[in-house]
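Tertiary structure, described
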Amino acid sequence: MKKIMVTGGTGYIGAWVVKYLLDEGHTVRVTVRDKSKTEKTAPLEAVAADTKGTLEFWEADLLKPGSFMEAMDGCEVVYHLASPFLFGNIKDPYAQLINPALEGTKNVLDAVNKTDSVKRVALTSSVVSVYGDNIDIRQTENNTFTEDHWNTTSTAKHNPYNYSKVLAEKEAWKIHDAQDRWSLVVLNPGFVMGPSLTNASGSASLTFIQDLLSGKQKMGVPELYFSFVDVRNVARAHILAADNPKAEGRHILVSDCMSMLEFSNLVGEAVNGKFQLPKNELPKFMLYLVGWTQGISWKYINNNVGIPVNLDNTKSKQALGLEYIPIKDTAREHANQLIEGGIVG
Ligand code: NDP
């Protein structure tokens, strides 16, 4: 059994990664900013109780150089997931997104460079490191994004979350390429949905579906297209990628591409019309008028609304052996978890 460090293990995706590692019997060191926040640690302790693995919490902060050294000491594998995932009104993109993503990646990988026991790093990037706006698909050869594409259109002002992810992934490859002791494998998930093991995450994945079910979007949703993937597939892909020494490079993790309304309709089918879900798409002129209240700029509208996306997930299936859960099942199980947990209703 291995000693493994996971950053962001208290988060939405991280909790599933930690669960699968504990199921295999490993010693899992989860880094948290503040160990005394039991609302973050308790869900993982509950998960650990039903597994044969050993769970440990260690304090570390993405923004504090050197803070991952202690937790990493003696670990063979490092999963680096921690990074803020926020959409909408971002007041300070550097403080809220870019610094934690970029400095955090530098700090974690600097610690890896100084920790001889580490042989393998799995990094959670995103499809937004592959492309910035949906309109970028017009520059692709087959109207499809692949692992060969990079986001070249995001900035601190325009799509700052996407910018934070592409900067962090590029930095990771740069640090990796400057040495030859440890290997790096990167996962690039689409928009992650599916049941959560924790209620203490502020992930945009969770606010998105909660907003749908709470009736916040009942007037309609923008005609926006996303690539969706189940959280359990994403977590499993991390482990398959880290375990397989032949897995290399980037891996797009996407089950299906569809509009917000189509996804919402899948949620609606699952809850039998009990919630005030959106029934239509908002006209573009309305988004121009009111989008700014939710941090949606005219540039974002022009470059994304009404433009479908398509991503190639072949590599994840062939290199990792991943079998995708249909998004219909993901939507149903996520909605049921929120209802049964009393989070919506
Ligand atoms: P969560 O918000 O649930 O998790 C984020 C994690 O990052 C938390 O565990 C949080 O720890 C940690 N974190 C944030 N800031 C800091 C900091 N300054 N120092 C230390 N830890 C910090 O998000 P997700 O689980 O959704 O996202 C996890 C990863 O997956 C991110 O890298 C995200 O970019 C990526 N991703 C997510 C997608 C999605 O749809 N959800 C899609 C593609 C990629 P703490 O408990 O201390 O707050």
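Criteria and cut-off values
- Residues numbered from 1 in each chain as written.
- Predicted model: local features only at pLDDT ≥ 70, side-chain atom pairs only at ≥ 80, totals over all residues.
- Heavy atoms only, no water.
- Helix = DSSP H or I, 4+ residues; strand = E, 2+ residues; numbered from the N terminus.
- Contact = heavy atoms within 4.5 Å.
- Areas by Shrake-Rupley, 256 points an atom, 1.4 Å probe, with all protein chains shown as cover.
- Lys, Arg positive; Asp, Glu negative; His and termini not counted.
- Charge placed at Lys NZ, Arg CZ, Asp CG, Glu CD.
- Core = buried A, V, L, I, M, F, W, Y, C linked by side-chain atoms within 4.5 Å.
- Buried < 20%, exposed > 50% of the residue type's maximum accessible area, 1.4 Å probe, protein only.
- Near = heavy atom within 4 Å.
- Polar contact = N/O pair within 3.5 Å; in protein donor to acceptor, adjacent residues only side chain to side chain.
- Nonpolar A, V, L, I, M, F, W, Y, C, P; charged D, E, K, R; others polar.
- Phe/Tyr/Trp six-rings, centres within 6.5 Å; stacked < 30°, edge-to-face > 60°.
- Lys NZ or Arg CZ within 6 Å of the ring centre and 35° of its normal.
- Salt bridge = Lys/Arg side-chain N within 4 Å of Asp/Glu carboxyl O.

Glancing now at the overall build of the protein chain. When its secondary structure is counted, the protein chain shows 12 helices and 10 strands. Along the longest, intermediate and shortest principal axes, the C-alpha atoms of the protein chain span 55 × 45 × 40 Å. Relative to all contacts within the protein chain whose residues are 6 or more apart in sequence, the contacts with residues 24 or more apart total 80%. Working note: accessible area of the protein chain is about 15200 Å², and carbon and sulfur atoms make up 50% of it. Between the centroid of the 35 positive side chains of the protein chain and the centroid of its 39 negative side chains there is a distance of 3 Å.

The next subject is the nonpolar core. Ranked by size, the top nonpolar core spans 47 residues in total, and within it Phe208, Leu213, Phe228, Phe263, Val267 and Leu311 carry the most contacts. Elements supplying a minimum of two residues to this core: β7 (191-193), α6 (204-214), β8 (225-230), α8 (260-270), α10 (298-304) and α12 (327-340). Judged by nonpolar contacts, the second largest core, of 39 residues, contains Ala15, Tyr20, Val185 and Ala247.

Glancing now at the site of the ligand. Taken together, 26 residues are adjacent to the ligand, and Thr10, Leu81, Tyr161, Ser201 and Ser203 come closest. At 2.8 Å from an oxygen atom of the ligand is found a side-chain nitrogen or oxygen belonging to Lys165. Elements that contribute at least two residues to the shell around the ligand include exactly α1 (12-23), α5 (160-177) and β7. Of the residues assigned to the shell around the ligand, the class counts are 11 nonpolar, 11 polar and 4 charged.

This brings us to the packing of aromatic side chains. In this description, a pair of aromatic rings is defined by centroid distance and the angle of the planes. A complete count under the given rule lists 16 aromatic pairs for this structure. Note on Trp16 and Tyr20: the rings are 5.8 Å apart at their centroids and 50° apart in plane angle, and the pair reads as tilted. In this pair, Trp16 and Tyr20 are both assigned in helix α1, 4 residues apart and thus about one turn of the helix distant. Every member of this aromatic cluster is reached through a ring pair, and the members are Phe85, Phe87, Tyr161, Phe191, Phe208, Phe226, Phe228 and Phe263. In this structure, Arg236 packs its charged tip against the face of Tyr20, placed 3.9 Å from the ring centre. The ring of Trp150 carries the charged tip of Arg250 above its face, separated from the ring centre by 3.5 Å.

The next subject is the side chain of Asn188. On the secondary structure map, Asn188 appears in strand β6 (residues 183-189). Under the relative-accessibility criterion, Asn188 is labelled buried at 0%.

A separate point is the pattern of salt bridges. Oppositely charged side chains may form a pair once their charged atoms are brought near each other. Following the criterion strictly, the structure yields 14 salt bridges and no others. For Glu56, the salt bridge identified is with Arg29, shortest N-O distance 3.0 Å. One end of the pair, Glu56, is in strand β3 (residues 54-59); the other, Arg29, is in strand β2 (residues 27-32), and 27 residues separate them in sequence. With a relative accessible area of 23%, Glu56 lands in the partly exposed category. Exposure remark for Arg29: the relative accessible area of 8% places this residue in the buried category. Note that Lys216 and Asp211 form a salt bridge whose closest N and O atoms lie 3.7 Å from each other.

Here we come to the environment of Lys114. Inspection of the secondary structure assignment puts Lys114 in the loop between α4 (93-113) and β5 (120-124). Overall, Lys114 belongs to the exposed group, its relative accessible area being 54%. A polar contact of 3.0 Å, which involves the side chain of Lys114, links it to the side chain of Asp110.

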